[in-house]
Amino acid sequence: MDNRILGMLIGLAAFAGVAALMVQQYGQPDPYPQGVVVQLPNLGDWIRPEGNAEELADQLTVAELIERWNRWPQKPRKEGIHLVYAKALALYEKEALPAVPHLAKAVQHLDPNLRRSVMGALIAIGDEGIPPLVEALKFWPRRDPNKIAQEIRWDASQYLVKAARRGVDIEPALPTLSRYLVNPKSNVFTRQEAAVALAWIGTPEAGEALKKGREWYYARKGLSVEENRILRKINIGLRRFK
């Protein structure tokens, strides 16, 4: 056998051995290199939705929509179509309560349109849909090179504000919102939404969090344009407590 071919074969064998050892030691390779892990259901062959959300809500019951939601598409490009089931569940509002644990599995999904559809459905359901949003808000993995988790937290903060404006109780998010408001590592847009959300919560604890936030921003030097906007939102929010 040619020495070059023999050398290549030995090299390939060595590489395979190292790869096997790494898998044995560290587990399977991360399917989400961004550090975002989402466990999705796989309870049968995917059923392509026929019609828009309104048509599906007219044709299918909540139980039938949940069953179809759990038949996750194998091809990621079809997830943009799959989200219509979440939008259909949102139209049932409180009647879609049984869907909460099923929707919650995708609240940290990589596809922004899909996870926002899920978040929209959760706030339409009401108070019971808030805990998964709080978990999404808390999601802060050690690895987030593409800032996917940062976007998830920002989305969650926006939908918490939308929920509050619908009259949904978002007080369970208060501790996390309070921390993020004064966390310089938190995205400035998430901090802006945190200020607005705390004002909507309206409890004495939320007011204290806003006051502490105001003191924190006043004490900082060289605020950015976005941080000055946060400070303005805090001051506007504090008017609700007078």
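Whatever comes next refers back to the structure up there.
Since the structure is predicted, the reported quantities are computational estimates derived from the model, not experimental observations.

As a further point, take the pattern of salt bridges. It is possible for side chains of opposite charge to pair when their charged atoms get near one another. Following the criterion strictly, the structure yields 10 salt bridges and no others. Note that K138 is salt-bridged to E135, the shortest N-O span being 3.7 Å. Residue K138 and its partner E135 are located together in helix 8 (residues 130–138), separated by three residues, close to a single helical turn. The network of salt bridges with shared partners includes R115, R116, E151 and D155.

Our next topic: the side chain of E193. Mapped onto the elements, E193 comes out in helix 11 (residues 188–201). Buried charge without a partner: E193 forms no salt bridge, and the closest opposite charge is R165, 6.1 Å away. Contact partners of E193, with chain neighbours within four places excluded, come to W154, S157, Q158 and V161.

Below, the discussion takes up the packing of helix 7 (residues 112–125) against helix 9 (residues 148–165). For the pair helix 7 and helix 9, the least separation of the axes is 10 Å and the interaxial angle reads 30°. One element, helix 7, and the other, helix 9, form an angle in the roughly parallel class. Of the two elements, helix 7 crosses helix 9, and the hand of that crossing is right-handed. Contacts between helix 7 and helix 9 involve R115, R116, M119, G120 and I123 from the first element and E151, I152, D155, A156, Y159, K162 and A163 from the second.

What follows deals with the packing of helix 3 (residues 62–69) against helix 5 (residues 84–91). One way to put it is that helix 3 packs onto helix 5 with a least axis distance of 10 Å and a crossing angle of 160°. If you check the angle between helix 3 and helix 5, you find them roughly antiparallel. Considering the relative orientation of helix 3 and helix 5, their crossing is left-handed. On helix 5, the residues touching V62, L65, I66, R68 and W69 of helix 3 are Y85, A86, A88 and L89. Taken together, the residues of the contact of helix 3 with helix 5 sort by class into eight nonpolar, no polar and one charged.

With that settled, the discussion passes to the packing of aromatic side chains. Summed over the entire model, instances satisfying the criterion amount to four aromatic pairs. Ring centres of W69 and W72 lie 5.0 Å apart, and the angle between their planes is 90°; this geometry places the pair in the edge-to-face category. Of the residues examined, W69 reaches a relative accessible area of 1% and is grouped as buried. For W72, a relative accessible area of 5% corresponds to the buried category. Aromatic side chains W140 and Y180 sit 5.6 Å apart centroid to centroid with 65° between the ring planes, which places their arrangement in the edge-to-face category. A residue pair is termed long-range when its members are at least 10 positions apart, and W140 in the loop between helix 8 and helix 9 and Y180 in helix 10 (residues 174–181) qualify at 40 residues. Exposure remark for Y180: the relative accessible area of 6% places this residue in the buried category.

Parameters at a glance
Residues numbered from 1 in each chain as written. Predicted model: local features only at pLDDT ≥ 70, side-chain atom pairs only at ≥ 80, totals over all residues. Heavy atoms only, no water. Salt bridge = Lys/Arg side-chain N within 4 Å of Asp/Glu carboxyl O. Helix = DSSP H or I, 4+ residues; strand = E, 2+ residues; numbered from the N terminus. Buried < 20%, exposed > 50% of the residue type's maximum accessible area, 1.4 Å probe, protein only. Lys, Arg positive; Asp, Glu negative; His and termini not counted. Contact = heavy atoms within 4.5 Å. Axes fitted to C-alpha atoms, helices over the stretch in contact; angles between N-to-C directions. Parallel < 35°, antiparallel > 145°, perpendicular 65-115°, else oblique. Left-handed = near helix turned anticlockwise from the far one by under 90°. Nonpolar A, V, L, I, M, F, W, Y, C, P; charged D, E, K, R; others polar. Phe/Tyr/Trp six-rings, centres within 6.5 Å; stacked < 30°, edge-to-face > 60°.

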